[in-house]
Amino acid sequence: MKILLTGSNGMVGKNILEHADASKYDFLTPGSRDLNLLNAKEVETYLEKNKPDVVIHCAGLVGGIQANMKEPVRFLVENSDMGRNIVLAAKSSGVKYFLNMASSCMYPKDHDGLLEEELILTGPLEPTNEGYALAKIMTMRLGQYINKETQQMTFKTLVPCNLYGRWDKFSEKNSHMIPAVIRKMDNAIRDNSESVEVWGSGNARREFMDAADLADFVFFALKNWEKIPEIINVGLGHDHSINDYYQAVAKILGYKGKFHHDLTKPEGMKRKLVSTKKTDDLGWKSKTSLEAGIKKAYEFYKKESV
Ligand SMILES: NC(=O)c1ccc[n+]([C@@H]2O[C@H](COP(=O)([O-])OP(=O)(O)OC[C@H]3O[C@@H](n4cnc5c(N)ncnc54)[C@H](OP(=O)(O)O)[C@@H]3O)[C@@H](O)[C@H]2O)c1
């Protein structure tokens, strides 16, 4: 089985390649320098030449709330272009199986309950990352239309909850919440700072899964392809408040200082918890505890930041 993995240098891609089952498959792993997904012709030529059986699409312009708010045009256009180019080239070159990595930001913003797959496109999106979410929705829908039009390629979309883990981005400019908290608290310990800033009240709730667990589901999906629904959430089934995440990171890093809340900063949706009914029905569960996951991400950060 020859698999084209886009985004192989990213957090999700690296976690897929580090999974114990990765050695059972023949992976093509071009980075953006070898294959620029924004260039439709280049993508077509690459697929025609390499003829993968499977595409796992993990490439994307991905960023935290600040980056998304600053550059909505780029998040919308680049993610739509990449999605469109890879999906259409996969279809025309005879790819049989397409696994698309989407995101829980595709869900409507005002839903406090569990996010079930059927809720996508039933309400307004969270404005802070709307451009990114629209691009993700477009790519998913394109794949669904192809599923309707032809039997030649089956297209499935995974909707992961928020992720963190090894190979995460820890820079000030584009990190997501957990790596940002790790970096801030590590700096505070180093600088003997008395307090660490929390954006907003810290009461918003989030579900963060170790990217290694998402990778585990990717291999589960490859082995159980026919049973996987067209759209399926991949998450933990439980969430924590932002304040809980700060406390968990403090415990692991040994931070003893205080926290202060900047209430002028945006904190996004109040709650974002995906339903795991479909993965539960398939008999799959994420395995990494929050403590073990944060420890692993922190060790990675310390090693990489030296
Ligand atoms: N991180 C999360 O919390 C999260 C949560 C849910 C879903 N997801 C989804 O999972 C997927 C992967 O996320 P991630 O966290 O692994 O992102 P990431 O670490 O930022 O990696 C994204 C990768 O996309 C590649 N890429 C960007 N522009 C490209 C282009 N023009 N041509 C080819 N490749 C390009 C980059 O490749 P190079 O490094 O080679 O330039 C990069 O390594 C995304 O679809 C994201 O929406 C992520």
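With that settled, the discussion passes to the packing of helix H8 (residues 242–253) against helix H10 (residues 290–304). Between H8 and H10, the shortest axis-to-axis distance is 10 Å and the interhelical angle comes to 60°. Judged on the interaxial angle alone, H10 and H8 are oblique. The interaxial crossing formed by H8 with H10 has right-handed handedness. Residues Tyr-245, Ala-248, Val-249, Lys-251, Ile-252 and Leu-253 of H8 pack against Leu-290, Glu-291, Ile-294, Lys-295 and Tyr-298 of H10. For the contact of H8 with H10, the per-class residue count stands at 8 nonpolar, no polar and 3 charged.

With that settled, consider the side chain of Thr-139. Looking at the secondary structure, you find Thr-139 in helix H5 (residues 130–149). Relative accessible area serves as the criterion here: at 5%, Thr-139 is assigned to the buried category. Here the side chain of Thr-139 touches Ala-135 through a polar contact of 3.0 Å, landing on its backbone oxygen. If sequence neighbours within four positions are ignored, Thr-139 has contacts with Asn-79, Gly-83, Val-87, Asn-100 and Phe-155.

The next point concerns the site of the ligand. Taken together, 26 residues surround the ligand, and among them Val-12, Ser-32, Tyr-132, Lys-136 and Lys-169 come closest. Here Met-11 contributes a backbone N or O atom positioned 2.9 Å from an oxygen atom of the ligand. At a separation of 2.6 Å, an oxygen atom of the ligand approaches a polar side-chain atom of Lys-136. Bound to the protein, the ligand loses 86% of the 890 Å² it would expose on its own. Of all the secondary structure elements, the ones that give two or more residues to the shell around the ligand are helix H1 (11–18) and H5.

Take a nonpolar patch on the surface next. Where nonpolar side chains cluster on the molecular surface, the patch consists of Val-73, Leu-76, Val-77 and Leu-134 and spans about 310 Å² of accessible area. On the secondary structure map, Leu-134 appears in helix H5.

Its domain assignment divides the protein into domain 1 (2–164 + 207–234) and domain 2 (177–205 + 239–270 + 289–304). The C-alpha-based centres of domain 1 and domain 2 are spaced at 28 Å. Counting residues at the interface gives 12 residues for domain 1 and 15 residues for domain 2. Summed over both sides, the interface of domain 1 with domain 2 buries roughly 1,100 Å², with 71% coming from carbon and sulfur. Summed over the shared surface of domain 1 and domain 2, the number is 1 salt bridge. At the junction of domain 1 and domain 2, the tally comes to 2 residue pairs in polar contact (both at pLDDT 80 or more). Examining the composition of the side of domain 1 that touches domain 2, we find that 3 residues originate from one element, helix H3 (residues 65–70), more than from any other. Class assignment for the residues of the side of domain 1 that touches domain 2 results in 6 nonpolar, 1 polar and 5 charged.

What follows is about the state of the cysteines. The full count for this structure, using the stated rule, is 0 disulfides. Here Cys-105 stays unpaired: no disulfide links it, and the sulfur of Cys-161, its closest cysteine neighbor, is 12 Å away. For Cys-161, a relative accessible area of 4% corresponds to the buried category.

According to the stated counting rule, one finds 14 aromatic pairs in the structure shown. Both rings, one in Phe-208 and one in Tyr-245, keep their centres 5.2 Å apart while their planes meet at 80°; by these two values the pair is edge-to-face. Of the two residues, Phe-208 is situated in strand E9 (residues 208–210) and Tyr-245 in helix H8; the sequence distance between them amounts to 37 residues. Residue Tyr-245 is classed as buried on the basis of its relative accessible area of 1%. Taken together, a centroid distance of 5.7 Å and an interplanar angle of 80° make the contact between Tyr-246 and Phe-259 edge-to-face. Within this pair, whereas Tyr-246 is found in helix H8, its partner Phe-259 is found in strand E12 (residues 258–262), the two being separated by 13 residues in sequence. Overall, the relative accessible area of 4% leaves Tyr-246 in the buried class. Among the aromatic residues, ring-to-ring pairing joins Trp-167, Phe-170, Phe-300 and Tyr-301 into one connected group. Sitting above the plane of the Trp-167 ring, Lys-14 keeps its charged end 4.7 Å from the centroid.

We now examine the sheet that holds strand E8 (residues 205–206). Within the open sheet, the 3 strands sit side by side as E11-E8-E13. Their pairing is mixed. Each having just a single partner strand, strand E11 (240–241) and strand E13 (271–272) make up the two edges of the open sheet. Pairing geometry for E8 and E13, over 2 bridges, is parallel. Bridge pairing links Arg-205 to Arg-271 in E13.

Cut-offs and rules
Residues numbered from 1 in each chain as written. Predicted model: local features only at pLDDT ≥ 70, side-chain atom pairs only at ≥ 80, totals over all residues. Heavy atoms only, no water. Axes fitted to C-alpha atoms, helices over the stretch in contact; angles between N-to-C directions. Helix = DSSP H or I, 4+ residues; strand = E, 2+ residues; numbered from the N terminus. Parallel < 35°, antiparallel > 145°, perpendicular 65-115°, else oblique. Left-handed = near helix turned anticlockwise from the far one by under 90°. Contact = heavy atoms within 4.5 Å. Nonpolar A, V, L, I, M, F, W, Y, C, P; charged D, E, K, R; others polar. Buried < 20%, exposed > 50% of the residue type's maximum accessible area, 1.4 Å probe, protein only. Polar contact = N/O pair within 3.5 Å; in protein donor to acceptor, adjacent residues only side chain to side chain. Near = heavy atom within 4 Å. Areas by Shrake-Rupley, 256 points an atom, 1.4 Å probe, with all protein chains shown as cover. Patch = residues over 30% accessible without salt bridge, like charges linked within 9 Å, V, L, I, M, F, W, Y side chains within 5 Å. Salt bridge = Lys/Arg side-chain N within 4 Å of Asp/Glu carboxyl O. Domains from an automatic or database assignment. Buried area = accessible area lost by both parts, 1.4 Å probe. Disulfide = S-S within 2.5 Å. Phe/Tyr/Trp six-rings, centres within 6.5 Å; stacked < 30°, edge-to-face > 60°. Lys NZ or Arg CZ within 6 Å of the ring centre and 35° of its normal. Pairing = 2+ DSSP bridges.

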